[in-house]
Amino acid sequence: MAKPSDQSGAAAKPIPQYIAHWVCKTARREEVIAWYQQAFDAEIVHIDKTIAFLTWDGESHRLALVNLPSWLRFLFPLSKIRRKLYGFDHIALAFRSLEDLLGTYVRMRDRGIQPVWCINHGLTTSIYYEDPDGIRLEFQVENFDTPEETKRYFSSEAFAKNPIGVNFDPEYLLKQFRAGVPVKELMRQGAGTPPGQKQVGNMKAINWRTL
């Protein structure tokens, strides 16, 4: 939706309504397409020798893949490492509820796709994945009910002390959810740490895999 005008009656500043799609160049097109079909139940709406368009919702296309010769992957053997050190890091995709987030985790797990990082950032509960080219996707659910509450969290003492978050075990979080533990409790940092295990948070949550 467009941003409403302010009280003075002046027209609101035009801003984008949402992120419509992203485009990737890949030398692993068939492998990447198969991954998104597994992860999103993606539908191919167009494919030719040059480009493929995929969607998984009401948008005409969410992802476009520009096809490059397969031998190019050998010229860029460290391309996956570049993201860890410089430039664009990841795309965050929001889910409506913790139930939807965990349901997606189960579906992907059962299809052989494992997350690279599960962390409660304080403002979101997030599960990170990487596609075959190393593009990182954050699947998240908001821990607060409104954007205003989330903004206030950025100014809190809790965020100042731990801006990264606390890792969680998705299987343990799923077990608690299925046992009927209230969602608000499960969205608390530390709720996904199994009994007897030490919480791993803030900079200690960063390693070569999670970076």
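The notes below deal with the structure included here. (Residues numbered from 1 in each chain as written. Predicted model: local features only at pLDDT ≥ 70, side-chain atom pairs only at ≥ 80, totals over all residues. Heavy atoms only, no water.)

Observations concerning the sheet that holds strand E5 (residues 90–94)
Here's step 1: Strand order in the open sheet formed by five strands is E5-E8-E7-E6-E9, and the pairing between neighbours is mixed. Two strands close off the open sheet at either side, each with one partner strand: E5 and strand E9 (166–167).
Here's step 2: Relative to strand E7 (residues 124–130), strand E6 (residues 117–120) is paired through four bridges, and the arrangement is antiparallel. Within E7, the position partnered with isoleucine 119 by the bridge is serine 126. (Pairing = 2+ DSSP bridges. Helix = DSSP H or I, 4+ residues; strand = E, 2+ residues; numbered from the N terminus.)

What about helix H6 (residues 170–178)?
Here's step 1: All of the buried residues along H6 are Pro170, Leu173, Leu174 and Gln176. Projected down its long axis, H6 carries its buried residues within an arc of 160°, all on one side. More than 90 degrees from the buried face of H6, the exposed residues found are Lys175 and Arg178.
Here's step 2: Among the structural elements, helix H3 (98–110), E6, E7 and helix H7 (183–186) are those in contact with the buried residues of H6.
Here's step 3: Structurally, the start of H6 carries an N-cap: the backbone nitrogen of glutamate 171 is 2.9 Å from a side-chain oxygen of aspartate 169.
Here's step 4: Just downstream of H6, glycine 180 is the residue with a positive phi angle, here 95°. (Buried < 20%, exposed > 50% of the residue type's maximum accessible area, 1.4 Å probe, protein only. Arc of directions from axis to C-beta. Contact = heavy atoms within 4.5 Å. Polar contact = N/O pair within 3.5 Å; in protein donor to acceptor, adjacent residues only side chain to side chain.)

Quick word on the pattern of salt bridges
Here's step 1: What the rule picks out here adds up to 13 salt bridges.
Here's step 2: The closest approach of N and O atoms between arginine 111 and aspartate 41, which form a salt bridge, is 2.7 Å. One end of the pair, arginine 111, is in the loop between H3 and E6; the other, aspartate 41, is in the loop between helix H1 (29–40) and strand E2 (43–47), and 70 residues separate them in sequence.
Here's step 3: When its relative accessible area of 45% is taken as the criterion, aspartate 41 is described as partly exposed.
Here's step 4: Glutamate 157 serves as the salt-bridge partner of lysine 161, at 3.0 Å between the closest nitrogen and oxygen. On the criterion of helical spacing, the pair formed by lysine 161 and glutamate 157 is a turn pair, its members being four residues apart in helix H5 (residues 157–161).
Here's step 5: If you follow the salt bridges from partner to partner, you end up with Arg83, Asp89, Glu130 and Arg136 in one network. (Salt bridge = Lys/Arg side-chain N within 4 Å of Asp/Glu carboxyl O.)

A few points about the sheet that holds strand E1 (residues 22–26)
Here's step 1: Read across the open sheet, the four strands follow the order E1-E4-E3-E2; overall the sheet is mixed. Edge positions in the sheet fall to E1 and E2, since each has one partner strand and no second. For this sheet the average axis-to-axis angle between neighbouring strands, irrespective of direction, equals 25°. (Axes fitted to C-alpha atoms, helices over the stretch in contact; angles between N-to-C directions.)

Let's talk about unusual backbone geometry
Here's step 1: Here the phi dihedral of aspartate 41 falls at roughly 55°; this positive angle occurs in a residue that is not glycine.
Here's step 2: In the Ramachandran plot, asparagine 202 falls in the positive-phi region, its phi being about 50° despite a non-glycine side chain.
Here's step 3: The topology assignment puts asparagine 202 in the segment after H7.
Here's step 4: Note on asparagine 202: relative accessible area 22%, which makes it partly exposed.

Examining the nonpolar core
Here's step 1: Core analysis: the biggest nonpolar cluster contains 32 residues, and Trp35, Tyr36, Phe40, Leu54, Leu98, Tyr129 and Leu137 have the highest contact counts within it.
Here's step 2: Elements with a minimum of two residues in this core: E1, H1, strand E3 (51–55), strand E4 (63–67), H3, E7, strand E8 (136–142) and H6.
Here's step 3: Contacts of leucine 54, omitting those with residues within four sequence positions, involve Ile33, Tyr36, Ala42, Glu43, Ile44, Val45, His61, Arg62, Leu63 and Leu65.
Here's step 4: Of all hydrophobic cores here, the second largest spans six residues; its members include Val116, Trp117, Ile119 and Ile164. (Core = buried A, V, L, I, M, F, W, Y, C linked by side-chain atoms within 4.5 Å.)

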